[in-house]
Amino acid sequence: MVECGEPESSDSLRTFGAVVQALREHAGLSREEFGDRVGLSKHTVASLELGRRMPDPTFPERSEPVLGNTGALTKAAQHLARQPGLAAWFRQWARLEKSAITLCTYESRMIPGLLQTKAYVDALADDQLPPLDDTQIEERWAARAERQQLLHERPNTAFSFILEEHLFLRRTGGAEVTRGLVDHVLEIAELRNVELQVMPLVQESHAGLQGPMRLLETPDNKWFAYCEGQESGQLISDRKLVSVLQSRYARMRSQALTPKDSKSLLQRMRGDL
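Residues numbered from 1 in each chain as written. Predicted model: local features only at pLDDT ≥ 70, side-chain atom pairs only at ≥ 80, totals over all residues. Heavy atoms only, no water.

**Some remarks on the pairing of strand β6 (residues 232-236)**
Note that strand β5 (residues 223-229) and β6 share five bridges and pair antiparallel. By the bridge assignment for β6, A225 is matched with I236. Between the end of β5 and the start of β6, which pair antiparallel, lie two residues, with E231 showing a positive phi angle near 60 degrees. (Pairing = 2+ DSSP bridges. Helix = DSSP H or I, 4+ residues; strand = E, 2+ residues; numbered from the N terminus.)

This is how it looks when you write it as structure tokens:
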């Protein structure tokens, strides 16, 4: 699954926004009053009503009691079209990600989308099967680039990344692409709200051998997890399963290099390219 951010406006988004506006006005609420009741700013409400923003998955549930419990909003949300460039199975996670207050990512297959560069995305596309056309490749990069704004636009969101050392040693796309990638990752790692750790190539104890995972915490302190395979992804909301993955992630944090040592390793790798 891959990406997020403000989606391109579409007929379904504009229609959904019009339904929100009509119900809000019928309830006699201003955008600010409605936003206060559902936990959104008046500017976010405006973006939703104008079809410029994809609502998060809990928006209909939060809004229905405020707007009369007609069920119209819930039904309208089922027909929303999503942004090009996002894998179908990733979309629900991407919507949750936009408002998360904590985001944790462990990746062992490729550099995660939040940290990718355009050159790296292009290199990945070269090996995509079935092949992608130029428009599809550009849509993928646009979705990633827009999603990456989360790192800068949400300074109060805590981002944690644990990346396998071999993701950089593989040199996907060649030495030049990898140099640019390492420089970009090191730059992101300097952000106050980002913690980056590298899992060393030689590590006798590793709690993440069952595969990549992502965890997030919503503004109302609910936790979700996401695990992805080839052409598929699973959003996990069961608290017991999420707790298991949280425990594994916490263990990996203790097993990976410290943020300081991780940066030093990446800098040495950069010098070897």
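After that view of the structure, there is still more to cover.
**Notes on the sheet that holds strand β2 (residues 158-164)**
Taken together, the six strands give an open sheet; going across it, the order is β3-β2-β1-β4-β5-β6, and neighbouring strands pair in mixed fashion. At either end of the open sheet lies a strand with only one pairing partner, and these are β3 (194-199) and β6. On average, each strand axis in the sheet is inclined to that of its neighbour by 10 degrees, with strand direction left out of account. Along the sheet face, helix α12 (residues 239-255) touches β1 (102-107), β2, β3, β4 (213-217), β5 and β6 and points at about 110 degrees away from the line of β4. (Axes fitted to C-alpha atoms, helices over the stretch in contact; angles between N-to-C directions. Contact = heavy atoms within 4.5 Å.)

**A closer look at the nonpolar core**
With 33 residues, the main nonpolar core has F161, F168 and L266 as its most contacted residues. Of all elements in the fold, only α6 (91-97), α9 (150-153), β2, α10 (166-169), α11 (175-189), β3, β5 and α13 (259-272) reach the threshold of two or more residues within this core. By residue number, the principal contributor to this core is α11, which donates seven residues. Each residue touching F161, except ones within four places of it in the same chain, is listed here: T105, P112, L114, L115, L151, V194, E195, L196, Q197 and Y249. Core analysis: the next-biggest nonpolar cluster, separate from the first, contains 15 residues, V20, L29, L73 and A77 among them. (Core = buried A, V, L, I, M, F, W, Y, C linked by side-chain atoms within 4.5 Å. Buried < 20%, exposed > 50% of the residue type's maximum accessible area, 1.4 Å probe, protein only.)

**Focus: the pattern of salt bridges**
Counted under the stated rule, the structure contains eleven salt bridges. For E49, the salt bridge is made with R31, and the minimal N-O distance between the two is 2.8 Å. Taken together, the residues span a long stretch of sequence, with E49 in helix α3 (residues 42-49) and R31 in helix α2 (residues 31-38) at a distance of 18 residues. Since its relative accessible area comes to 28%, R31 is described here as partly exposed. One salt bridge in this structure joins R109 and E107, with 2.8 Å as the shortest N-O distance. Residue classification places R109 among the partly exposed positions, given a relative accessible area of 31%. (Salt bridge = Lys/Arg side-chain N within 4 Å of Asp/Glu carboxyl O.)

**What about helix α7 (residues 118-126)?**
Within the sequence span of α7, burial applies to Y120, V121, A123 and A125. If you follow the buried residues of α7, they end up packed against α8 (134-148) and α11.

**Examining the pairing of β4**
Counted residue by residue, β4 has five buried out of five residues, so it is predominantly covered. Two elements, β1 and β4, share five bridges in a ladder whose sense is antiparallel. Counted as the bridge partner of L103 is L216 from β4. Sheet topology note: the β4/β5 ladder contains four bridges and is antiparallel. Note that in β5 the partner of L215 across the bridge is A225. Remark: five residues form the turn of the hairpin made by β4 and β5, two consecutive strands paired antiparallel; N221 in that turn has positive phi of roughly 65 degrees.

**Remarks on the packing of aromatic side chains**
All chains considered together, the criterion is met by three aromatic pairs. Ring geometry for F34 and F59: centres 6.2 Å apart, planes at 90 degrees, overall edge-to-face. Taken together, the positions of F34 in helix α2 and F59 in helix α4 (residues 59-63) put the pair 25 residues apart, joining distant regions of the chain. Here F34 falls in the buried class, since its relative accessible area comes to 0%. Overall, the relative accessible area of 1% leaves F59 in the buried class. (Phe/Tyr/Trp six-rings, centres within 6.5 Å; stacked < 30°, edge-to-face > 60°.)

**Thoughts on the confidence of the model for the protein chain**
Per-residue confidence for the protein chain averages 88 on the pLDDT scale, and 92% of its residues sit at or above 70. Ignoring residues within four places in sequence, the model shows residues 1-9, a span with pLDDT below 50, making 54 contacts including any to other chains. (pLDDT = per-residue confidence, 0-100.)

**Comments concerning the packing of α2 against α3**
With their axes 8 Å apart at the nearest point, α2 and α3 run at an angle of 105 degrees to one another. The pairing of α2 with α3 is recorded here as roughly perpendicular in orientation. Contacts between α2 and α3 involve R31, E32, F34 and G35 from the first element and K42, V45, A46 and E49 from the second. The class makeup of the residues in the contact of α2 with α3 is three nonpolar, one polar and four charged. (Parallel < 35°, antiparallel > 145°, perpendicular 65-115°, else oblique. Nonpolar A, V, L, I, M, F, W, Y, C, P; charged D, E, K, R; others polar.)

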